[in-house]
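# Structural features, examined
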Amino acid sequence: METATRVRVACVLDEDTAAAVRALRVAEDQYRYVGDTAFNLADSLRDPMSEAMAVLADDQVVGFYRLDFAPNAVAGRPMHAPSVGLRAFVIGLDQQGRGLGTQAMAACCADLRLRHPDRALLVLTVNCNNHAAISAYRKAGFVDTGELYQGGSAGPQHLMLIPLHPNS
């Protein structure tokens, strides 16, 4: 019997974790959506309104994302409730297709509820042509608002969100 993979998230606080994040790769056609992980990590570590987060499966770094607390972090405008933006979410190519992204989103939401209880929504934009990511976000509980953000470098993006608390 195979044991379940334990997925958790953690702030990138040490060089070993940062090096593992920088080593993450995705399929060539995914880079237009997620960008370079090493750049995204460095950018988030420089920004006092961001948190660099590692996704760990059984204590191995398998992914990365950036939490953005700037008021206009997502879609260039503030949300109607206190929110946090999810940016640059990636699961490494060698770990994709195992359900780790869905588990990572659950762990991300649990982490936000614990460390940032004042935030009501987790918000993201996803390219309209990135069908795999749209499906994964829906599976994780995100709802498409029906709004399109036109400022994406790879084209229009769906605005999606997930409430962090009941009645948010």
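Residues numbered from 1 in each chain as written. Predicted model: local features only at pLDDT ≥ 70, side-chain atom pairs only at ≥ 80, totals over all residues. Heavy atoms only, no water.

### Observations regarding the nonpolar core
One finds Leu-67, Leu-86, Leu-122, Tyr-137 and Phe-142 to be the most contacted residues of the largest nonpolar core, which totals 31 residues. Of all the secondary-structure elements, those providing two or more residues to this core are β1 (7–11), β2 (50–57), β3 (60–68), β4 (83–91), α4 (100–115), β5 (121–127), α5 (131–139) and β7 (157–163). Residue contributions to this core peak at seven residues, all from α4. Here Tyr-137 is in contact with Leu-86, Phe-89, Met-105, Leu-124, Val-126, Phe-142 and Met-160, once residues within four sequence places are set aside. (Core = buried A, V, L, I, M, F, W, Y, C linked by side-chain atoms within 4.5 Å. Buried < 20%, exposed > 50% of the residue type's maximum accessible area, 1.4 Å probe, protein only. Helix = DSSP H or I, 4+ residues; strand = E, 2+ residues; numbered from the N terminus. Contact = heavy atoms within 4.5 Å.)

### Regarding the side chain of Ser-50
Turning to its location among the elements, Ser-50 is positioned in strand β2. At a separation of 2.9 Å, a polar atom in the side chain of Ser-50 contacts the side chain of Arg-66. Beyond its immediate chain neighbours, meaning those up to four positions away, Ser-50 contacts Ser-44, Arg-66, Leu-67 and Asp-68. (Polar contact = N/O pair within 3.5 Å; in protein donor to acceptor, adjacent residues only side chain to side chain.)

### Here we look at the environment of Val-123
Counting through the fold element by element, Val-123 comes out in strand β5. Counting along the chain gives 37 residues from Val-123 to Met-160, while the straight-line C-alpha distance between them is 5.9 Å.

### A look at unusual backbone geometry
Of note, Asp-59 is a non-glycine position whose phi angle comes to about 70 degrees, a positive value. Turning to its location among the elements, Asp-59 is positioned in the loop between β2 and β3. Its relative accessible area of 51% is what places Asp-59 among the exposed residues. With a phi close to 60 degrees, Ala-88 is a non-glycine residue in the positive phi region. Take Ala-88: it is sitting in strand β4.

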